[in-house]
Protein chains: 2
Amino acid sequence: MNGADALISTLAANEVTACFANPGTSEMQFVAALDGVPQMRAVLCLFEGVATGAADGYGRIADKPACTLLHLGPGYGNGVANLHNARRAFTPIVNVVGDHATYHRQYDAPLNSDIATLVKPNSIWVKSADSAAEVSALTAEAVAASYGPPGGPVTLILPADSAWLETSGEPAIAQKVTRPAPSGAAVDAAARAIKAAKKPIVLLGGQACREEALKEAARLEAAGVTVYSDTFVPRQRRGAGVFLPKKMQYFGEMALQELEGVDLMVFVGTTTPVAFFAYPDRPSVLVPEGCETMTLAERGEDAVAGLGALADALGAPKDGPVQPLKIPEAAPSGGLNAYYAGASIARHLPEDAVLCDDAVTSGTGVAIGTATARAHDVLALTGGAIGIGLPIAIGAAVAAPERKVVSLNGDGAAMYTVQALWTMAREKLDIAVVVFANHTYRILNVEMTRTGAGDAGPKASQLLDLSDPKIDWVSVAKGLGVPAVRCETAEDFDRAFADAMANKGPRFIEAVI
Amino acid sequence: MNGADALISTLAANEVTACFANPGTSEMQFVAALDGVPQMRAVLCLFEGVATGAADGYGRIADKPACTLLHLGPGYGNGVANLHNARRAFTPIVNVVGDHATYHRQYDAPLNSDIATLVKPNSIWVKSADSAAEVSALTAEAVAASYGPPGGPVTLILPADSAWLETSGEPAIAQKVTRPAPSGAAVDAAARAIKAAKKPIVLLGGQACREEALKEAARLEAAGVTVYSDTFVPRQRRGAGVFLPKKMQYFGEMALQELEGVDLMVFVGTTTPVAFFAYPDRPSVLVPEGCETMTLAERGEDAVAGLGALADALGAPKDGPVQPLKIPEAAPSGGLNAYYAGASIARHLPEDAVLCDDAVTSGTGVAIGTATARAHDVLALTGGAIGIGLPIAIGAAVAAPERKVVSLNGDGAAMYTVQALWTMAREKLDIAVVVFANHTYRILNVEMTRTGAGDAGPKASQLLDLSDPKIDWVSVAKGLGVPAVRCETAEDFDRAFADAMANKGPRFIEAVI
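What counts, and where the lines are drawn
Residues numbered from 1 in each chain as written. Chains lettered and ligands numbered in written order. Predicted model: local features only at pLDDT ≥ 70, side-chain atom pairs only at ≥ 80, totals over all residues. Heavy atoms only, no water. Helix = DSSP H or I, 4+ residues; strand = E, 2+ residues; numbered from the N terminus. Rg over C-alpha atoms; globule rule 2.2 N^0.38 Å. Buried < 20%, exposed > 50% of the residue type's maximum accessible area, 1.4 Å probe, protein only. Contact = heavy atoms within 4.5 Å. Areas by Shrake-Rupley, 256 points an atom, 1.4 Å probe, with all protein chains shown as cover. Lys, Arg positive; Asp, Glu negative; His and termini not counted. Charge placed at Lys NZ, Arg CZ, Asp CG, Glu CD. Core = buried A, V, L, I, M, F, W, Y, C linked by side-chain atoms within 4.5 Å. Pairing = 2+ DSSP bridges. Right-handed = clockwise from strand over helix to strand, strands pointing away. Axes fitted to C-alpha atoms, helices over the stretch in contact; angles between N-to-C directions. Parallel < 35°, antiparallel > 145°, perpendicular 65-115°, else oblique. Left-handed = near helix turned anticlockwise from the far one by under 90°. Nonpolar A, V, L, I, M, F, W, Y, C, P; charged D, E, K, R; others polar. pLDDT = per-residue confidence, 0-100. Phe/Tyr/Trp six-rings, centres within 6.5 Å; stacked < 30°, edge-to-face > 60°. Buried area = accessible area lost by both parts, 1.4 Å probe. Salt bridge = Lys/Arg side-chain N within 4 Å of Asp/Glu carboxyl O. Polar contact = N/O pair within 3.5 Å; in protein donor to acceptor, adjacent residues only side chain to side chain. Expected span 1.5 Å × (residues − 1). Arc of directions from axis to C-beta. Least-squares fit on C-alpha atoms with pLDDT ≥ 70 in both.

A.B. asks: Quick one: what's the story with the overall build of chain A, residue by residue and with numbers?
C.D. replies: A count of helices and strands for chain A gives 21 helices and 18 strands. For chain A, whose C-alpha radius of gyration is 23 Å, the value lies close to the compact-globule estimate of 24 Å for 513 residues. Dimensions of chain A, computed from C-alpha atoms along their principal axes, come out at roughly 65 × 60 × 45 Å. In chain A, which comprises 513 residues, the proportion classed as buried is 65%. For chain A, the proportion of contacts with a sequence separation of at least 24, taken over those separated by at least 6, is 81%. Within the structure as shown, chain A displays about 16400 Å² of accessible surface, and the carbon and sulfur contribution to it stands at 51%. For chain A, the centre of its 41 positive side-chain charges and the centre of its 55 negative side-chain charges are spaced 5 Å apart.

A.B. asks: Hey, could you go over the environment of Gly 3 of chain B for me, with residue numbers and the actual values?
C.D. replies: Residues and elements named next belong to chain B. Position of Gly 3 relative to the elements: it lies in helix H1 (residues 3-13). Overall, the relative accessible area of 0% leaves Gly 3 in the buried class. Separated by 129 residues in sequence, Gly 3 and Ala 132 have C-alpha atoms that sit 4.6 Å apart. The residues touching Gly 3, leaving out its near neighbours within four places in the chain, are Ala 132, Val 135, Ser 162, Ala 163, Leu 165 and Thr 167.

A.B. asks: So what's going on with the nonpolar core? Which residues, and what values?
C.D. replies: Membership of the largest hydrophobic core comes to 225 residues, with the highest contact counts inside it found for Phe 20, Ile 394 and Leu 421 of chain A together with Phe 20, Ile 394 and Leu 421 of chain B. The contact partners of Ile 394 of chain A, leaving out residues within four places of it in the chain, are Phe 20, Val 50, Ala 54, Ala 420, Thr 423, Met 424, Leu 429 and Ile 431 of chain A.

A.B. asks: Explain the pairing of strand S3 (residues 66-71) of chain A to me, and be specific about the residues and the numbers.
C.D. replies: Residue and element names in this part refer to chain A. The element S3 is extensively covered by neighbouring structure, given that six of its six residues are classed as buried. Burial along S3 is two-sided: the face carrying Ala 66, Thr 68 and Leu 70 and the face carrying Cys 67, Leu 69 and His 71 are both buried. Relative to S3, strand S1 (residues 18-21) is paired through three bridges, and the arrangement is parallel. From the neighbouring strand, Ala 21 faces S3, where its bridge partner is Leu 69. Sheet analysis places S3 next to strand S4 (residues 93-99), joined by six bridges and oriented parallel. Counted as the bridge partner of Leu 69 is Val 96 from S4.

A.B. asks: Which residues make up the pairing of strand S18 (residues 507-512) of chain B, and what are the values?
C.D. replies: Residues and elements named next belong to chain B. Pairing analysis gives six bridges linking strand S16 (residues 431-437) to S18, with the strands arranged parallel. Paired with Val 434 across the strands is Ile 509, a residue of S18. When strand S17 (residues 484-487) meets S18, the two strands line up parallel, connected through four bridges. Note on S18: the bridge partner recorded for Cys 487 is Ala 511. Regarding topology, helix H21 (residues 490-502) serves as the crossover connection from S17 to the parallel S18, and that connection is right-handed.

A.B. asks: Can you tell me about the sheet that holds strand S7 (residues 200-204) of chain B, naming the residues and giving the values?
C.D. replies: Residue and element names in this part refer to chain B. With parallel pairing, five strands are arranged side by side in an open sheet as S10-S8-S7-S11-S12. Looking at which strands have only one partner, the edges of the open sheet turn out to be strand S10 (246-247) and strand S12 (292-297). Two strands pair when backbone bridges link them, and strand S8 (residues 226-229) and S10 are joined in this way by two bridges, in the parallel orientation. Bridging across to S10, Tyr 228 finds its partner in Lys 246. Against the sheet, helix H9 (residues 184-196) makes contact with S7, strand S11 (264-268) and S12, and its axis sits at roughly 140 degrees relative to S12, the strand it touches most.

A.B. asks: I'd like a description of the sheet that holds strand S12 (residues 292-297) of chain A, backed by residues and values.
C.D. replies: Residues and elements named next belong to chain A. Ordered in space as S10-S8-S7-S11-S12, the five strands form an open sheet in which the pairing is parallel. A strand with exactly one partner marks an edge of an open sheet, and here the two such strands are strand S10 (246-247) and S12. Of the strands in this sheet, strand S7 (200-204), strand S11 (264-268) and S12 are in contact with helix H12 (residues 303-313), which crosses S12 at around 120 degrees.

A.B. asks: Any chance you could break down the packing of H9 of chain B against helix H12 (residues 303-313) of chain B for me, citing the residues and the numbers?
C.D. replies: A pair of packed helices is characterised by two quantities: the angle between their axes and the separation of those axes. All names here are of chain B. For the pair H9 and H12, the least separation of the axes is 9 Å and the interaxial angle reads 50 degrees. With respect to each other, H9 and H12 are oriented oblique. H9 and H12 meet at a crossing whose hand is right-handed. Contacts between H9 and H12 involve Val 187, Ala 190, Ala 191, Ile 194 and Lys 195 from the former and Ala 309, Leu 310 and Ala 313 from the latter. Its residues assigned to classes, the contact of H9 with H12 comprises seven nonpolar, no polar and one charged.

A.B. asks: So, the confidence of the model for chain A: which residues are in play, and what are the values?
C.D. replies: When the pLDDT values of chain A are averaged, the result is 97; 100% of them are 70 or greater. The ipTM, which scores confidence in the relative placement of chains, is 0.98 for this predicted complex, and the corresponding pTM is 0.98.

A.B. asks: Any chance you could break down the packing of aromatic side chains for me, citing the residues and the numbers?
C.D. replies: Going through the model one piece at a time under the given rule, you end up with 21 aromatic pairs over all chains. Residues Phe 47 of chain A and Tyr 416 of chain B carry aromatic rings whose centres are separated by 6.2 Å and whose planes lie at 80 degrees to one another, so their mutual orientation is edge-to-face. One end of the pair, Phe 47 of chain A, is in the loop between strand S2 (41-44) and helix H3 (48-62); the other, Tyr 416 of chain B, is in helix H16 (residues 411-416), on a second chain. Aromatic side chains Trp 473 of chain B and Phe 508 of chain B sit 6.0 Å apart centroid to centroid with 15 degrees between the ring planes, which places their arrangement in the stacked category. Pair noted here: Trp 473 of chain B is in helix H20 (residues 473-479) and Phe 508 of chain B is in strand S18, with a separation of 35 residues, a long-range link. Here Trp 473 of chain B falls in the buried class, since its relative accessible area comes to 0%. The exposure class of Phe 508 of chain B is buried, given its relative accessible area of 1%. Taken together, the aromatic side chains of Phe 232, Tyr 250, Phe 251, Phe 276, Phe 277 and Tyr 279 of chain A make up a single cluster linked through ring pairs.

A.B. asks: Before we move on, can you summarise the interface of chain B and chain A with the specific residues and values?
C.D. replies: With 100 residues of chain B at the contact, the number on the chain A side is 99 residues. Interface area for chain B against chain A, summed over the two sides, is near 8200 Å², with a carbon-plus-sulfur share of 65%. Between the two partners, chain B and chain A, sit four salt bridges. In this structure, the salt-bridge partner of Arg 88 of chain A is Asp 108 of chain B, at a minimum N-O distance of 2.6 Å. Taken together, the connections running from chain B to chain A amount to 50 residue pairs in polar contact (both at pLDDT 80 or more). Taken together, the residues that form the side of chain B that touches chain A break down as 55 nonpolar, 29 polar and 16 charged.

A.B. asks: Report on H9 of chain B, specifying residues and quantitative values.
C.D. replies: Residues and elements named next belong to chain B. The first and last C-alpha atoms of H9 sit 18 Å apart over 13 residues, in line with the 18 Å expected at 1.5 Å per residue. For H9, the full list of buried residues reads Ala 186, Val 187, Ala 190, Ala 191, Ala 193 and Ile 194. Mapping the buried residues of H9 onto a view down its axis gives an arc of 165 degrees, with all of them on the same face. Residues of H9 that are exposed and angled more than 90 degrees away from the buried face: Ala 185, Arg 192, Lys 195 and Ala 196.

A.B. asks: Could you give an account of the relation of the copies chain B and chain A, naming the residues involved and the relevant values?
C.D. replies: Between the two copies, chain B and chain A, the superposition gives an RMSD of 0.0 Å; the rotation angle is 180 degrees and the shift along the axis is 0.0 Å. In symmetry terms, the pair is related by a two-fold rotation axis. Scanning chain B for the C-alpha nearest the rotation axis identifies Val 476 of chain B, at a separation of 2.2 Å. In this assembly, 99% of the residues forming the interface of chain B have copies in chain A that are likewise at the interface, indicating an isologous arrangement.

A.B. asks: Give me the lowdown on the environment of Leu 381 of chain B, citing residues and values where you can.
C.D. replies: Mapping Leu 381 of chain B onto the fold places it in the loop between strand S14 (376-380) and helix H15 (389-399). Taking the C-alpha atoms as reference points, Leu 381 of chain B and Ser 113 of chain B, separated by 268 residues in sequence, lie 30 Å from one another.

A.B. asks: Before we move on, could you go through the pattern of salt bridges and cite the residues and values that matter?
C.D. replies: Enumeration over the complete set of coordinates arrives at 58 salt bridges over all chains. Of the charged contacts, one joins Asp 430 of chain A and Lys 504 of chain A as a salt bridge, the two residues approaching to 3.7 Å between their closest N and O atoms. Residue Asp 430 of chain A is located in the loop between helix H17 (420-426) and strand S16 (431-437), and its partner Lys 504 of chain A is located in the loop between helix H21 (490-502) and strand S18 (507-512); the two are separated by 74 residues in the primary sequence. With its nearest N and O atoms 2.8 Å apart, the salt bridge here joins Arg 237 of chain B to Asp 352 of chain B. Here the residue Arg 237 of chain B occupies a position in strand S9 (residues 236-238), and Asp 352 of chain B occupies one in the loop between helix H13 (338-348) and strand S13 (353-358), the gap between them amounting to 115 residues. What makes Arg 237 of chain B buried here is its relative accessible area of 6%. Judged by its relative accessible area of 28%, Asp 352 of chain B falls in the partly exposed class. Among the ionic contacts, a cluster of salt bridges with common partners joins Asp 63, Arg 210, Glu 211, Arg 235, Arg 237, Asp 352, Asp 377 and Arg 403 of chain A.

Here it is, written out as C-alpha cells:
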C-alpha cells in the first residue's frame, strides 16, 4: 500500500468514515485510494467552504470527526471561514491538505504557499507527514488531537510523494482522552457560592446544552437558580420535553440590563460572556459590576457530571421543568414573516429533526415557534462567519440519514456557500432549505446605527442592499438541482414546509419576507 | 474626521479609487465614510473571493491597487485563494481587514482570530492601525508597499475603534519606488552569453509580456533568439500586431522535450521555470541538463529597458515579427468545442478587449483562435487556484469601462465564485461570460493517470464528475440577474458571442462541449 492507502485505512480504523472533498492534482492518490476502503464515504463539494462546513455539521451530530480533503493553501483558504466557526464550536475535524511533493516544495511552484502558517489560526494541531512511513501514526495522532477535549479542527498536511510512495504496517489507533468530571472542590465551591448568593445564575455552553446536561440543568432551575445558555451554542437540544434555559442576549447592554442584580455567575462548558462586537461607549464584558464569577466545568470537562453533582449538592429535585408540546393547530395566514415561518416549522417539524440556523435576523423569530415543537437539535452559528447554514446541513444529513434536517438561512448568508445545494442534490440528502429573502444585510442596517456610524448615505446604503437585482433563489436552486418553490404568504409557506417534511430528499423554499 | 474618513481620503489621495467590499459590523464606519469621498467607487461583492479576485483584475488593468474591504479573519479567509493568485501575479492590492476594537480583542469574542498570522502567507506587507492617529500614515505605507516592485497584496488591519475615533491632518502620500533598469553588466553578460550559446532562449514573464516589452522581445526573435513566455502570465498582450512568444508547456516532460538542446536560458521578469506539480519520476526543474541560466531583469526591474538594451547589444533590427490579423470569415459549424469557440471569439472580439482565462482545459483551444484576433490583453490564472475567471473580469471591467471584457471559465472553476455574476448584474459591467460546461473536472481525469494513481474506481470517479446533477448554468445565471443563453452547436455559440460583443452589459453563455 502507499501513503494514501495508509491514511484512509487509518482514518477508517479510527471510525473516521466520512470525507468531504474538493480535490486537485496533488490529492489524486488519496482519491484513488478511496475505493480500497469501503467504510469511507466520499462526498464531493464544489467549493471548500462547503466541505469544511459539512465536516462541522457532521462532527456536531456524529460526535466524531469527518475528514476534509483540500487542495494546498488556496483550497484550505476557501475553507477557513467555516473552520473558524468549527473552532468556535469545538468540533472535531481532520483536515487533510494536499501539498506538493516534499522535494518539489523548494521550487516554489505556482500553487506553493506557506500552508503551515495559513492553517495555524484555525487548527488546534498541525503536522506535515513528510514521509509515507509516518502517515499512519500522524493520522492517528491527528484524530486523537481533534477530540481534545474540548476538541476542534486539526490539519494534517500530506505532500504528494508521501501519498504515492509505498509503506507498510497496520493502521495506528488514536488514543482518545475522555472528558474528566469537574473536581469535587469545584462542585462544593459552586454550591457554597450559590447558597450564599442573592441572585445566582448558571451559564451553560457547549456540551452543557446537550440533552443529558439540560436534564441536570433543569434541576438547578427547579432549585431556584436561573439558568442561561450562551447566545450561540454548537448543538442544543430544544423543544417539547426539554428544559429551555434563558438565552444570553446578543446586544451587550440588553444582556446587562437583564442581568441586573445578579451577584454570581457559574460557568458550565463555557466562559465569561462578552459582547459579540464592541461599540462606542458600550460594555465588552457581560458580567454585572460586583458580580462574582466561577467555573464549575471547563469546556473540556464532563458537564453532565458537573451539573448533576451540583444539583445533588443543592438538594435539587430529581426532575426540573421542561417545555410543553404546543403546536399551532391552524396554519398562520397573511403576509409571511419569520414568526409565521416559525409557527409552520413547529407544526410540521418531525421528532428528532436537526435545525441548522444561519438566519441572523430571522432565526430569532423562528426560535419562538420552535420552542414548543417536537424535540430537536439546533446547530447554531458559533463563530459569526455567515455561510454555514447550507454546508452544516449537509454534514448533519450525512451523519444522521434517518433524521430530517432543516437549514434556515438569511439570503445574504446563503450566498456565501450556495454551491452546497448541488451536493444536497447529488447525495439526495434529506434537507429542507429555507432562505429568508429580505434582500438586504438586515443586521447591518441595525449595526450601522449602533456603531455610531450615523445614517447611511447612498453609497453606504448600496453596500447593505441586495435588492438590485433581486436574486431569484428558485432559479438558482433549480439550476443546482434542488426542487424549489417561492412562498410569499404564510399559507404558501405552511404548505411548502409541510410538503418538504412529508417527502424525503432536498427541497428549497424561498421565504419572501 | 474619524479614522475611517482618514483611511478613505488617504486612499483616494493616493489614487486608490475602487473598493471591492463585503463588509460586516466592524466595517460600518468605513462604509459610512464612503459617501464623504466622491472619487471612491464602492462595489459590493456577495462573497469575499469575488472581492479579492476583482481587486486582482483591477490592479492588472489599472496598474494601481484597488482596495478590498473584508470582515475580520473569516472574511479575509474567504478571499485567500484569489489573493494567492494575486500574489503570484504580483498585483498591487490593499486589503483593509476590519477587526474588533483594540480593547475588545483581549476578550476573544466569537469572531476573534489571529488575523496577523492568517494574512501572512499572502501579504507582502502587514500592519495593524491600532490608533486613529496612525491610520493615514499606515495607509500611505500600505499603498507604497503594494507597488513593490514587483508588488503584491498588502494587508492593513483596521480595528473598529481606530475607525470610529477622531483624528486630524492631511492625507499622507505614498512614496512609490519606480522599477530600476537592469544594470549594464547584466545586459552585457546576457548579450555575451547569447552570442556564445548554440541554442539560447529568452524566457519572459510578468511585466515582460506587456505590449511595450513584447515589441523589444520581438527584436530578439528577429535576431535569432527564440523567445518563450511563462505558461501563466498575469497580463499578456496578444493578437494582431503583437509579437507572440512560444509558451512554456504545462507538462514538464513535454517542456523539456521541446527545450532539448537549449544551452542558455535568459530570464526577463521571471525566474527558473518549474513543473506546476511534481509527478513520480518526472522532472521538477524545467531547465535542460547542462543549460546555463541567467537573469537579465528581475521581476521588480524594468523589463522594457532590459529587453531593449539587450536587443541593441545584439544588433537586433528595430522591429521584430508580429502576429497577422487572421479571422475566420465564416462561423464554424457542427458540434461545439473549445477550438470552434476560439474561432468565434476571434471573429467577434473587438479591438483592445480584455480576455480573462480560467478555463483550464478549454483555454488552450480558445488561445489558438485568438492568436490572430484583434489585439487584446489576456489575464491568466497565475496561482493555480481556480475560481478567478468571474471575479477578475469584474475588476477589469471596473478599471476599464470602455473595454469589452470576456471571461472564459471551466464549469468546475466558475462554481467557486459564482456569486460574481450578481455583482456584474448590479454594476451593469460590460462582461461576456463563457462557461465551458463539460460537466467534469477534466484536468483531473488527465492528472489521475499522470500521478500514477491508476484507473479511477467508482468512488474516485465520482469525485471528478460534475454530471449528476448537471448544473443548469442558464438557470443559475438568470437567478443572479445576468441574461443567459445555452449553446450546443458552434453556430449557436457564434451567434450568441456576436450578440454579446454587439451589446453593452453582462451576458452569460453556457458553452456545452
